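Structural description and commentary
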Amino acid sequence: MPQTITRGIKALIDEANAEIETLNAKEAIEISKNGDVVIVDIRDPREIERDGRIPGAFACTRGMLEFWIDPQSPYAKPIFQEDKKFVFHCAGGMRSALAAKTAKDMGLKPVAHIAGGYAAWRDAGGPVEQWEPKKKG
Ligand SMILES: O=S(=O)([O-])[S-]
């Protein structure tokens, strides 16, 4: 029997967007100039390599999000203990809504995400740069 998905991505994203702060790209570009803001890029490394990144953004794949935020986790990242505003982005603004909601639910604050994601940031004239993974060996 096929599965019945009772809460799809639209519902999840709508719920997240109802609870979190959403910045448009121009607002995000402005706020990123503030030293108290961390831009968190939750795209996969392949996307970052292919499309570039926001200079200075902290890369945290969505898969590690909870484990890097929780100070009790063996994988905790000190940046998430800082007294900063965390602005999440993905490629188009959907995954970042879910990530920001999860981060907020965990107690991280303040958090926001960028409507339209990296594409909107780039189209609004936000700074971007190419990125290549470090070669091993
Ligand atoms: O990056 S995304 O909005 O396509 S999930």
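Residues numbered from 1 in each chain as written. Predicted model: local features only at pLDDT ≥ 70, side-chain atom pairs only at ≥ 80, totals over all residues. Heavy atoms only, no water.

By the naming in an unreviewed UniProt entry, the protein goes by Rhodanese and is assigned to Bradyrhizobium japonicum.

A look at the packing of helix 1 (residues 9-19) against helix 5 (residues 95-106)
The description of two packed helices rests on the angle between their axes and on the distance between the axes. Just so we agree on the cut-off: To obtain an axis, a line is fitted to C-alpha atoms, over the contacting stretch when the element is a helix, and the angle between two such axes runs from 0 to 180 degrees between their N-to-C directions. The way it works is that DSSP assigns letters per residue, a run of H or I at least four long becomes a helix, a run of E at least two long becomes a strand, and they are numbered from the N terminus. What sets the label is the angle itself: under 35 degrees gives roughly parallel, over 145 gives roughly antiparallel, 65 to 115 gives roughly perpendicular, and the rest give oblique. Throughout, a crossing is termed right-handed when the near helix is turned clockwise from the far one, and left-handed when it is turned anticlockwise from it by less than a right angle. Note on contacts: a residue pair qualifies if any of its non-hydrogen atoms lie within 4.5 Å across the two residues. Each residue gets one label: Ala, Val, Leu, Ile, Met, Phe, Trp, Tyr, Cys and Pro are nonpolar, Asp, Glu, Lys and Arg are charged, and the others, such as Gly, are polar.
Where helix 1 contacts helix 5, the axes come no closer than 9 Å and their chain directions differ by 55°. What the angle tells us is that helix 1 and helix 5 run oblique. Both helix 1 and helix 5 take part in a crossing whose hand is left-handed. Residue-level inspection shows L12, I13, A16, N17 and E19 of helix 1 in contact with helix 5, the latter providing A97, L98, K101, K104 and D105. Among the residues forming the contact of helix 1 with helix 5, the class breakdown is five nonpolar, one polar and four charged.

Structural notes on helix 5
One turn of an α-helix holds 3.6 residues; hence residues three or four places apart share an orientation. The test is simple: How far a helix is expected to stretch is found by multiplying one less than its residue total by 1.5 Å. Only protein chains enter the accessibility calculation, which uses a 1.4 Å probe; a residue whose area is less than 20% of its type maximum is buried, one above 50% is exposed, and one in between is partly exposed.
With 12 residues, helix 5 ought to run about 16 Å at 1.5 Å a step, and its terminal C-alpha atoms sit 17 Å apart, in line with that. Taken as a whole, helix 5 has its buried residues at S96, A97, L98, A99, A100, K101 and A103. Turning to helix 5, the residues buried within the fold contact helix 1, helix 4 (65-69), strand 4 (85-89) and strand 5 (111-114). One or two steps after helix 5, the chain reaches G107, where phi turns positive at roughly 110°.

A closer look at the packing of aromatic side chains
Our working definition: Any Phe, Tyr or Trp ring, taking Trp's six-membered ring, that has another such ring centre within 6.5 Å forms a pair; planes under 30 degrees apart are called stacked, those over 60 apart edge-to-face, and the others tilted. Throughout this description, the term charge over a ring refers to an Arg CZ or Lys NZ atom that lies within 6 Å of the ring centre and within 35 degrees of the ring normal.
Under the criterion given, the structure shown has four aromatic pairs. Centre to centre, the rings of F80 and F86 are 5.4 Å apart; their planes meet at 35°, and the pair counts as tilted. A single burial state applies to F80 and to F86, both of which are buried. Every member of this aromatic cluster is reached through a ring pair, and the members are F58, W68, F80 and F86. Directly above the aromatic system of W68 lies the positively charged group of K77, at a separation of 4.6 Å from the ring centroid.

Concerning the nonpolar core
It is characteristic of soluble globular proteins that their nonpolar side chains tend to be buried jointly. Selection rule: Side-chain atoms within 4.5 Å link the members of a nonpolar core, which is a set of buried Ala, Val, Leu, Ile, Met, Phe, Trp, Tyr and Cys residues.
The biggest cluster of nonpolar side chains holds 22 residues, and the ones touching the most others in it are V40, C60, F80, F86, F88, L108 and V111. For this core, the secondary structure elements donating two or more residues are helix 1, strand 2 (37-41), helix 4, strand 4 and helix 5. Broken down by element, this core gets its largest block of residues, five residues, from helix 5. Excluding residues that lie within four positions of it along the chain, V40 makes contacts with F58, C60, F80, F86, V87, F88 and H89. Formed by 13 residues, the second largest nonpolar core is a distinct cluster that contains A28, I31, V37 and W121.

Considering the pairing of strand 4
Filter applied, for reference: Only strands joined by at least two bridges in the DSSP assignment are considered to pair.
Burial of strand 4 is extensive: five of the five residues sit out of reach of the surface. Residue alternation in strand 4 divides its side chains into two sets, K85, V87 and H89 and F86 and F88, and both sets are buried. Sheet topology places strand 2 next to strand 4; five bridges connect them, and they run parallel. Its bridge partner lying in strand 4, D41 is registered against H89.

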